[in-house]
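Observations on chain architecture
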Amino acid sequence: MVSLLICLTHPEQLENMIKKKENRKSFLQMVRNYIKPVIMGIFMAVLSFITACNGSQQKSDGKTISLAEQIMKAEAPVFNPDSAYYFIEKQVEFGPRVPNTTAHSQCAWYLMQSLGNYTTHLDVQEAKVRAYDGTVLNIKNIIGSFNTKTKDRILLCAHWDTRPFADHDPDPANHFTPIPGANDGASGVGVLLEIARQISLNPINIGIDIILFDAEDYGEHQSLQARTGDYWALGAQYWAKNPHINNYNARFGILLDMVGASDAVFTMEATSMYYAPDIMKKVWDISHQIRFGSYFSYKRTNAVVDDHTYINEIANIPTIDIIHYGENSYTGFFEHWHTVNDNMDVIDKNTLNAVGQTVLTFIYLENMKLDKAQSDS
């Protein structure tokens, strides 16, 4: 019934389901060309109901199952948006988490304790990096892991620092005021902490590394009007060059950035699609299957410089970025990006739930595949 309803509201998914069946594809084209939209919708719903059970992944006995059935078999736990909201709120209570400040140090301890409580192994990578203006920043990349001996690994990440100046605030008087960073910073971390909590309660066998990157948002002030060097994502750059484990590798990575605002839309960002198109499509397909398609758009958008840029380019780990795209914003991001209004008022539990449940479901699907591969070997 879930597949039927989804295909009724998102008929484009039918073509994805049957695109490898040349006879069905031709028939679908004929239907689109010659039958009225209402009749076509009924036809597509019925056909999707039939093909949902035939699906997309091969079974050992030669049969195939649908993505909906795979999701049911994976038995992902239910993401708790209230818990994620609490983790965000706790970070914001410290104040702006700008490197070299007391609030930054206090929040670091909180995150180390929280992530350490849920994961089975904790690493803290301390370093000194130089900002665009020459300031030496004392940073901490906080890394929590599950199943450290497992070779098949997934990297999940977000940045936990906040922008030292609200250089896109509508009031010029705020352009050198640090931002609260509820969405830009705390939201991704909050979702990852809740994912870690769920994994701790519902153990899996696949390797998971959760990295909270520091100093992502200490790039040049807007008044410079130009990018003068690689001064964004300094924590991710440092880690990519100096991983916490020698010869570290993950099969792929998922970055969460600005994943908590109301009515957020996450598009297929260009760097993600260049390095990890299959991963991005899988994540987006899952979101649509579990009824969060309104948040995940298949629209392709321009590349953004973010932590995943350097994970892809330096660490060579195919990594996607789930990041809020602001189509109607002059910045291209969410409305209160790099302003003093990026506070708890912008956080929406519905958005947190959409992102958190999608990523959690994806993880448990990958774990199911690993378990099956091991049982077949």
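Keep in mind that this is a model prediction, so the values were computed, not measured.

Time to look at the overall build of the protein. Tallying secondary structure elements over the protein gives 13 helices and 10 strands in all. Each of the 377 residues in the protein was classed as buried or not, and the buried ones make up 54%. Within the structure as shown, the protein displays about 16800 Å² of accessible surface, and the carbon and sulfur contribution to it stands at 52%.

The next thing to look at is the side chain of Thr331. In this structure, Thr331 sits in the loop between strand E10 (319-323) and helix H13 (349-376). Of the polar contacts made by the side chain of Thr331, one reaches the side chain of Ser329; its length is 2.9 Å. Looking at Thr331, its side chain comes within polar contact range of the main-chain nitrogen of Phe333, at 3.1 Å. The residues contacting Thr331, other than those within four sequence positions of it, are His168 and Trp337.

Here we take up the packing of helix H8 (residues 182-201) against H13. Remark: H8 packs on H13, axes separated minimally by 10 Å, with the N-to-C direction vectors making an angle of 45°. When the axes of H8 and H13 are compared, the pair comes out oblique. Classified by chirality, the crossing of H13 by H8 is right-handed. The segment H8 lies against H13, with Ser187, Val191, Ile195, Gln198 and Ile199 engaging Leu352, Gly356, Val359, Leu360, Ile363 and Tyr364.

Nonpolar side chains in soluble globular proteins generally cluster together in the buried interior. Counting residues in hydrophobic clusters, the biggest one holds 75 residues, and the most contacted among them are Leu156, Ile195, Ile208 and Ile322. At 10 residues, the largest contribution of residues to this core is made by H13. When neighbours within four sequence positions are excluded, Ile195 is seen to be in contact with Phe79, Leu156, Gly356, Val359, Leu360 and Ile363. Listed in part, the 15 residues of the second largest apolar core include Ala233, Ala240, Ala250 and Ile311.

Moving on, we come to the packing of helix H6 (residues 81-93) against H8. Running from N to C, H6 and H8 cross one another at 135°; their axes reach a closest spacing of 8 Å. As summarised for this structure, H6 and H8 are arranged oblique, according to the angle between their axes. The crossing of H6 and H8 is right-handed. Residues Ser83, Ala84, Phe87, Ile88, Gln91 and Val92 of H6 form the contact with H8, whose participating residues are Ala182, Ala186, Ser187, Val189, Gly190, Val191, Leu193, Glu194 and Arg197.

Here the focus is unusual backbone geometry. Positive phi outside glycine occurs at Asn247, with the angle close to 60°. Within the secondary structure, Asn247 sits in the loop between helix H9 (234-241) and strand E7 (252-257). With a relative accessible area of 78%, Asn247 lands in the exposed category. We note that Arg291 has phi near 75°; this positive angle belongs to a residue other than glycine.

Below, the discussion takes up the sheet that holds strand E6 (residues 207-213). If you trace the six strands from one edge of the open sheet to the other, you get E3-E4-E6-E5-E7-E10, paired in mixed fashion. Every other strand in the sheet has two partners, leaving strand E3 (121-130) and E10 as the edge strands with one partner each. Ignoring strand direction, the axes of neighbouring strands in this sheet form an average angle of 20°. Where strand E5 (residues 153-159) meets E7, four bridges bridge the pair, whose relative direction is parallel.

This paragraph deals with the packing of aromatic side chains. Inspection of the entire model under this criterion finds 13 aromatic pairs. With a centroid separation of 4.9 Å and an interplanar angle of 85°, the aromatic rings of Tyr274 and Tyr275 are classed as edge-to-face. Taken together, the ring pairs in this structure connect Tyr132, Phe165, Phe176 and Tyr218 into an aromatic cluster. Sitting over the ring of Tyr85, Lys349 keeps its end group 5.0 Å from the ring centre.

As enumerated under the stated definition, the model contains 13 salt bridges in all. The partner of Asp82 in a salt bridge is Lys349, and the shortest N-O contact between them spans 2.8 Å. One end of the pair, Asp82, is in helix H6; the other, Lys349, is in helix H13, and 267 residues separate them in sequence. Take Asp82: its relative accessible area is 46%, and that puts it in the partly exposed class. With a closest N to O distance of 3.8 Å, Lys140 and Glu126 form a salt bridge. With a gap of 14 residues between them, Lys140 in strand E4 (residues 136-146) and Glu126 in strand E3 connect regions that are remote in the sequence. The class of Glu126 is exposed, set by a relative accessible area of 57%. Members of the salt-bridge network, linked through shared partners, are Asp152, Arg251, Glu366 and Lys369.

This brings us to helix H7 (residues 102-118). At 3.6 residues per turn, the α-helix brings residues three or four places apart onto the same side. Helix length check: H7, at 17 residues, gives a terminal C-alpha distance of 25 Å against a target of 24 Å (1.5 Å per residue), a fit within 8%. Listing the buried residues of H7 in full gives Ala103, His104, Cys107, Ala108, Tyr110, Leu111, Met112, Ser114 and Leu115. On the buried face of H7, the contacting elements are H6, E3, E4, H8 and E6.

Counting through the fold element by element, Val359 comes out in helix H13. Between the C-alpha atom of Val359 and that of Ile322, which follows or precedes it by 37 residues, the distance is 9.9 Å. Each residue touching Val359, except ones within four places of it in the same chain, is listed here: Leu156, Ile195, Ile254, Leu256 and Ile322.

Here is what the cut-offs are and how they apply
- Residues numbered from 1 in each chain as written.
- Predicted model: local features only at pLDDT ≥ 70, side-chain atom pairs only at ≥ 80, totals over all residues.
- Heavy atoms only, no water.
- Helix = DSSP H or I, 4+ residues; strand = E, 2+ residues; numbered from the N terminus.
- Buried < 20%, exposed > 50% of the residue type's maximum accessible area, 1.4 Å probe, protein only.
- Areas by Shrake-Rupley, 256 points an atom, 1.4 Å probe, with all protein chains shown as cover.
- Polar contact = N/O pair within 3.5 Å; in protein donor to acceptor, adjacent residues only side chain to side chain.
- Contact = heavy atoms within 4.5 Å.
- Axes fitted to C-alpha atoms, helices over the stretch in contact; angles between N-to-C directions.
- Parallel < 35°, antiparallel > 145°, perpendicular 65-115°, else oblique.
- Left-handed = near helix turned anticlockwise from the far one by under 90°.
- Core = buried A, V, L, I, M, F, W, Y, C linked by side-chain atoms within 4.5 Å.
- Pairing = 2+ DSSP bridges.
- Phe/Tyr/Trp six-rings, centres within 6.5 Å; stacked < 30°, edge-to-face > 60°.
- Lys NZ or Arg CZ within 6 Å of the ring centre and 35° of its normal.
- Salt bridge = Lys/Arg side-chain N within 4 Å of Asp/Glu carboxyl O.
- Expected span 1.5 Å × (residues − 1).

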